[in-house]
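For reference, the chains in residue letters:
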Amino acid sequence: MRRIITATVQNRSGVLNRITGLLQKRQFNIESISVGRTETDSISKMTLVVEVEDNQKLEQLTKQLNKQIDVLKVTDITDKAIVARELALIKVVSAGQLRNELQGIIEPFRATIIDVSKDSLSIQVTGKPEKIEALIELLRPYGIKELARTGMTAFLRGHQPQTTELPSYSLLNR
Amino acid sequence: MKVQTKPGTAPRIETKTGADLLVESLIKEKVDILFGYPGGAVLPIYDAIYKARESFTHILTRHEQGAIHAAEGYARVSGKPGVVIATSGPGATNLVTGIADAMIDSLPLVIFTGQVARGVIGTDAFQEADVMGITTPITKHNYQVQHVSDLPRIVKEAFHIASTGRPGPVVVDIPKDISANPCKDEYEDDFHLPGYQPNIKPNPLQLKKLANVLETAEKPVILAGAGVMFGSASEELRTFAEKHSLPVATTLLGLGSFPGGHPLALGMAGMHGTFTANRALYECDLLINIGARFDDRLTGNLQHFAPSATVAHIDIDPAEIGKNVTTHIPVVSDSKAALQALSFHAESSAEHDEWLQHLSGYQQENPLWYKNPVKEMVPQWVIEAVHKITNGNAIVTTDVGQHQMWAAQYYAFEEPDRWVTSGGLGTMGFGFPAAIGAQLAKPEETVIAFVGDGGFQMTLQELSVLQERRLPVKVIIVNNGALGMVRQWQETFYEERYSESLLQIQPDFVKLADSYGIRGYRVDNQEDFLDLLPEVFSYNGPVVLDCRVLQQENVYPMIAPGKGLHQMIGVKP
Ligand SMILES: Cc1ncc(C[n+]2csc(CCOP(=O)(O)OP(=O)(O)O)c2C)c(N)n1
Ligand SMILES: [Mg+2]
């Protein structure tokens, strides 16, 4: 199953290496990982999208992450009300006459053309990963020259429905 | 008041270097022994150590691997972190085996490695190795010092992290310019580690749940691991087991956590454990694991592990709970705190005399066995004879292989923290240097290193340290002229094709000892051995004893790989 996990970490050198190393050592499949600073200077946030077999594996993953000295908090937000976004840059083969056609395709995705050259067009799109997948599929027949994706970053919405329990893994017994 | 200075003698401002700060921090941590080996990148540190030589003993091993295994032995019996220093590049990479060994067996170590100067890190400078990259997966934590003023804080954190919670190795990589240059900034060593909260009190709800199950369990059993000893909880374990008449099986590393001769002791469980201990784990309806990590050499095939049991697992490391075995009652806690709280929650238990009788029937019917040839020596007999003459009181270290398993089986440990062996990593070359560290930690005690003829040759250069320090370690080579454990597997699983496992050529171990100025003996029969033992153990100096034992002995009983706890072979002669 695909899970979205966020980890708040101390922004120290080596922390990213420690985390990716541990995921690899324990044979977890990472689909994407994104890291960036947060509102607090010394703290970064990672968003991991992983593919795990079952709940036991998932629990191992969060516990192993939590065990790292520089990891402050690990949360599995997959089943929560979340805002999740990814950004992709897509360079498409395009002769001038196709430009309008492409414009028509990307518009519903609220994507923008950010670079134009004689024989290519670069498109920027943000959104949920599924939306980005969909746009890529539509553009594929035109010939994608280059594709770069940031991986997902996500956090909880300001308001959470009261019904579900947040599966937050901490050092303390649940 | 004005300071008067004599003309021509300007007041000298003593500025401390990084190396001075390091030494100061070590003194603050009450370190009294360092194990290490010098080299270019740690010259400033060794200079500071020289100046502070009144404060520490530095043990110069003859290989960095010897230093780190000695530090592990020291840590295991003293309960204090072992401290290691090595130079950059090859010095640091020579430590890798020991770091991995300490990580998997949870031994507290603080390791200082030299590094090339900050300005050239990343340029493939002379003796540069990516120590952070190499040690990240095998350390509890690691640091590379970037500012000299951080050094005191980092050292303090390193000792704290290594020795609290689930212990483990911490590496501090120190670039040469950091240790060489004066510290001009202010520094302090206060630290705050918000992501690290090692002291966890047991959850009373889970303990109540455990107490409830105990009230109805008909076939309860305790599995005691090294976590009992890390938590200094042997007393509490004994009280708890006796109060509820709970039989106790131990893991390889848990030997000594419960007295081996106790009526409730089932002995060691696992691949070469006793029939009874393994049957108890197989048949039980309640399994209380205290500080063991359900290693595969213990559980055998997981499908057949405690198939009808409610599993309770007390462990300080939450990640160990539920990792290999589905756990019904998780208790994240230090073993001592959990057992103390349990004594309060668990008042009564179901009567289970029948179960105890059943197990003692197993014990009588299927004891450990070997065939004693009367004249020649077999390894099991050697261990038993040594056990006898030392009254089971020695501190015993082992190397890895058949002799290790026989020592575990036949040197019935009564007391905690007297058994030093490489369990998780199974590191050949561990046993002898570990004995050096153990002897330094406990100078008054008898320390025995049971080593194989193969493994001893991996680190025997440390004989120099025995001679130099006149450490009275008794090295007993269980010499079967073979990489015995490999030979056994080739006999059993590869139709006796002994591929590269017979050691036809060996040094003359007696002459070798002699060349180091150490007493050496060779014996090949029981009579001479028994005659010699009093001399060996009454002599207050190092001894190397080459015991020629029969080669064909195999370690039994055994759970073959892939088999379950109930499928032991070699249970009876
Ligand atoms: C560093 C290392 N290399 C290889 C092994 C694999 N190994 C396990 S036991 C063993 C044989 C050990 O022989 P010896 O030291 O003579 O002990 P014995 O089994 O004969 O008692 C070997 C090669 C190991 N455990 N560690
Ligand atoms: Mg051998």
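Here the structure is a predicted model, which is why all the values come from computation and not from measurement.

What counts and how
- Residues numbered from 1 in each chain as written.
- Chains lettered and ligands numbered in written order.
- Predicted model: local features only at pLDDT ≥ 70, side-chain atom pairs only at ≥ 80, totals over all residues.
- Heavy atoms only, no water.
- Helix = DSSP H or I, 4+ residues; strand = E, 2+ residues; numbered from the N terminus.
- Rg over C-alpha atoms; globule rule 2.2 N^0.38 Å.
- Buried < 20%, exposed > 50% of the residue type's maximum accessible area, 1.4 Å probe, protein only.
- Areas by Shrake-Rupley, 256 points an atom, 1.4 Å probe, with all protein chains shown as cover.
- Lys, Arg positive; Asp, Glu negative; His and termini not counted.
- Charge placed at Lys NZ, Arg CZ, Asp CG, Glu CD.
- pLDDT = per-residue confidence, 0-100.
- Contact = heavy atoms within 4.5 Å.
- Core = buried A, V, L, I, M, F, W, Y, C linked by side-chain atoms within 4.5 Å.
- Domains from an automatic or database assignment.
- Pairing = 2+ DSSP bridges.
- Axes fitted to C-alpha atoms, helices over the stretch in contact; angles between N-to-C directions.
- Phe/Tyr/Trp six-rings, centres within 6.5 Å; stacked < 30°, edge-to-face > 60°.
- Lys NZ or Arg CZ within 6 Å of the ring centre and 35° of its normal.
- Donors = N, O, S within 2.8 Å, 3.2 Å for Na, K, Ca; no water.
- Salt bridge = Lys/Arg side-chain N within 4 Å of Asp/Glu carboxyl O.
- Polar contact = N/O pair within 3.5 Å; in protein donor to acceptor, adjacent residues only side chain to side chain.
- Expected span 1.5 Å × (residues − 1).
- Near = heavy atom within 4 Å.

## Some remarks on the overall build of chain B
Then step 1. Within chain B one finds 23 helices and 20 strands.
Then step 2. In terms of overall dimensions, chain B is globule-like: its C-alpha atoms have a radius of gyration of 25 Å, near the 25 Å expected for 573 residues.
Then step 3. Counting the 573 residues in chain B, one finds 58% classified as buried.
Then step 4. Counting every atom, chain B has about 23200 Å² of accessible surface; 51% of that belongs to carbon and sulfur.
Then step 5. Computed over 45 positive and 65 negative side-chain charges, the inter-centroid distance for chain B is 4 Å.

## Structural notes on the confidence of the model for chain A
Then step 1. Residues with a pLDDT of 70 or more make up 93% of chain A, whose mean pLDDT is 90.
Then step 2. Taken as a whole, residues 168-174 of chain A scores under 50 in pLDDT and shows 23 contacts with residues more than four places along the chain or in a different chain.

## Re the nonpolar core
As a rule of thumb, nonpolar side chains are buried together in soluble globular proteins.
Residues and elements named next belong to chain B.
Then step 1. In terms of nonpolar packing, the biggest core is built from 50 residues, with F35, F456, L466 and V475 touching the most fellow members.
Then step 2. Both domains that meet at this core, namely domain 1 (18-180) and domain 3 (379-552), each give it at least three residues.
Then step 3. Setting aside anything within four residues of it in sequence, one finds F35 in contact with H58, I59, A67, A70, A71, Y74, V83, V84, I85, G437 and L440.
Then step 4. Counting residues in hydrophobic clusters, the runner-up holds 38 residues, among them V382, F413, F529 and V549.

## Re the sheet that holds strand β15 (residues 447-452) of chain B
Residue and element names in this part refer to chain B.
Then step 1. Here we have 6 strands laid out as an open sheet, ordered β14-β13-β15-β16-β18-β17, and parallel in their pairing. Among the strands making up the open sheet, the edge pair consists of β14 (419-420) and β17 (519-523).
Then step 2. Two strands pair when backbone bridges link them, and strand β13 (residues 395-398) and β15 are joined in this way by 4 bridges, in the parallel orientation. Following the sheet pairing, T397 is matched in β15 by A449.
Then step 3. Of the strands in this sheet, β13, β14, β15 and β16 (474-479) touch helix α17 (residues 402-410), which is tilted by about 140° from β15.
Then step 4. Contacts from helix α23 (residues 526-538) reach β15, β16, β17 and β18 (543-548) within the one sheet, and its direction differs from that of β17 by about 165°.

## So, the packing of aromatic side chains
The description of two aromatic rings rests on the distance between their centres and on the angle between their planes.
All names here are of chain B.
Then step 1. Summed over all chains, the structure comprises 11 aromatic pairs over all chains.
Then step 2. With a centroid separation of 6.3 Å and 15° between ring planes, the pair formed by W369 and Y556 is classed as stacked. Note that W369 is positioned in the loop between α15 (353-365) and α16 (379-389) and Y556 in the loop between β18 and β19 (558-559), a separation of 187 residues in sequence.
Then step 3. Members of the aromatic cluster, connected to one another through ring pairs, are Y411, F413 and W419.
Then step 4. In this arrangement the basic side chain of R53 is found over the ring face of Y50, its NZ or CZ atom lying 4.2 Å from the centre.
Then step 5. Looking at R519, its charged tip hangs above the ring of Y539, at a distance of 3.5 Å from the centre.

## Details of the coordination of the magnesium ion (ligand 2)
Residues and elements named next belong to chain B.
Then step 1. The coordination sphere of the magnesium ion (ligand 2) contains the protein donors D453 (OD), N480 (OD1) and A482 (O), at a distance range of 2.1 Å.
Then step 2. We note that the donor set of the magnesium ion (ligand 2) lies within a single chain, spaced as D-x26-N-x1-A.
Then step 3. When its relative accessible area of 8% is taken as the criterion, N480 is described as buried.

## Quick word on the confidence of the model for chain B
All names here are of chain B.
Then step 1. With 98% of its residues at a pLDDT of 70 or more, chain B shows a mean pLDDT of 96.
Then step 2. Looking at the elements of chain B, mean pLDDT is at its lowest for helix α14 (residues 335-345), recorded as 96, and at its highest for strand β4 (residues 109-115), recorded as 99.
Then step 3. Note on residues 1-5: pLDDT under 50 across the span, and 1 contact to partners over four residues away in sequence or across chains.
Then step 4. Both scores are given for the predicted complex: the pTM is 0.95, the ipTM 0.91.

## Quick look at the interface of chain B and chain A
Then step 1. Listed by partner, the interface residues are 28 residues for chain B and 21 residues for chain A.
Then step 2. Linking K67 of chain A and D317 of chain B is a salt bridge whose minimum nitrogen-to-oxygen distance equals 2.7 Å.
Then step 3. At the surface where chain B touches chain A, the tally comes to 10 residue pairs in polar contact (both at pLDDT 80 or more).
Then step 4. Listing elements by their share of the side of chain B that touches chain A, those giving two or more residues are β5 (141-144), α7 (151-163) and β12 (329-332) of chain B.
Then step 5. The biggest single contributor to the side of chain B that touches chain A is β12 of chain B, with 3 residues.

## Looking at helix α3 (residues 64-78) of chain B
Residue and element names in this part refer to chain B.
Then step 1. In this model α3 runs 21 Å from its N-terminal to its C-terminal C-alpha over 15 residues, within 8% of the 21 Å that 1.5 Å per residue would give.
Then step 2. In terms of burial, α3 is largely enclosed, as 14 of its 15 residues are buried.
Then step 3. Looking one or two residues beyond α3, the residue adopting positive phi is G79, at roughly 80°.

## Some remarks on helix α2 (residues 55-67) of chain A
All names here are of chain A.
Then step 1. Relative to the 18 Å expected for 13 residues at 1.5 Å per residue, α2 spans 18 Å between its end C-alpha atoms, a close match to the ideal helical length.
Then step 2. Within α2, the full set of buried residues consists of L58, Q60, L61, T62, K63, Q64, L65 and N66.
Then step 3. Among the residues of α2, the N-terminal cap falls to D54, whose side-chain oxygen and the backbone nitrogen of Q56 are separated by 3.3 Å.

## Re the site of ligand 1
Residue and element names in this part refer to chain B.
Then step 1. Taken together, the neighbourhood of ligand 1 is formed by 17 residues, with Q402, H403, G426, G455 and G484 sitting nearest.
Then step 2. The separation between an oxygen atom of ligand 1 and a polar main-chain atom of Q402 is 2.8 Å.
Then step 3. Between an oxygen atom of ligand 1 and a side-chain N or O atom of H403, the distance comes to 2.9 Å.
Then step 4. When the free accessible area of ligand 1 is taken as 580 Å², the share hidden by the protein chains comes to 76%.
Then step 5. Elements represented by at least two residues in the shell around ligand 1 include exactly α17, α19 (453-459) and α21 (484-493).
Then step 6. No other element matches α19, which puts 4 residues into the shell around ligand 1.

## Focus: the side chain of Q144 of chain B
Residues and elements named next belong to chain B.
Then step 1. Relative to the elements of secondary structure, Q144 occurs in strand β5.
Then step 2. In terms of polar contacts, Q144 uses its side chain to reach the side chain of D173, at 2.9 Å.
Then step 3. Discounting chain neighbours no more than four positions away, the residues touching Q144 are Q115, I121, M132, D173 and P175.

## With respect to the side chain of D105 of chain B
All names here are of chain B.
Then step 1. Structurally, D105 can be placed in the loop between α5 (96-104) and β4.
Then step 2. Of the side chains with opposite charge, R293 lies nearest to the buried D105, which makes no salt bridge, at 4.8 Å.
Then step 3. A polar side-chain atom of D105 sits 2.8 Å from the main-chain amide nitrogen of G423.

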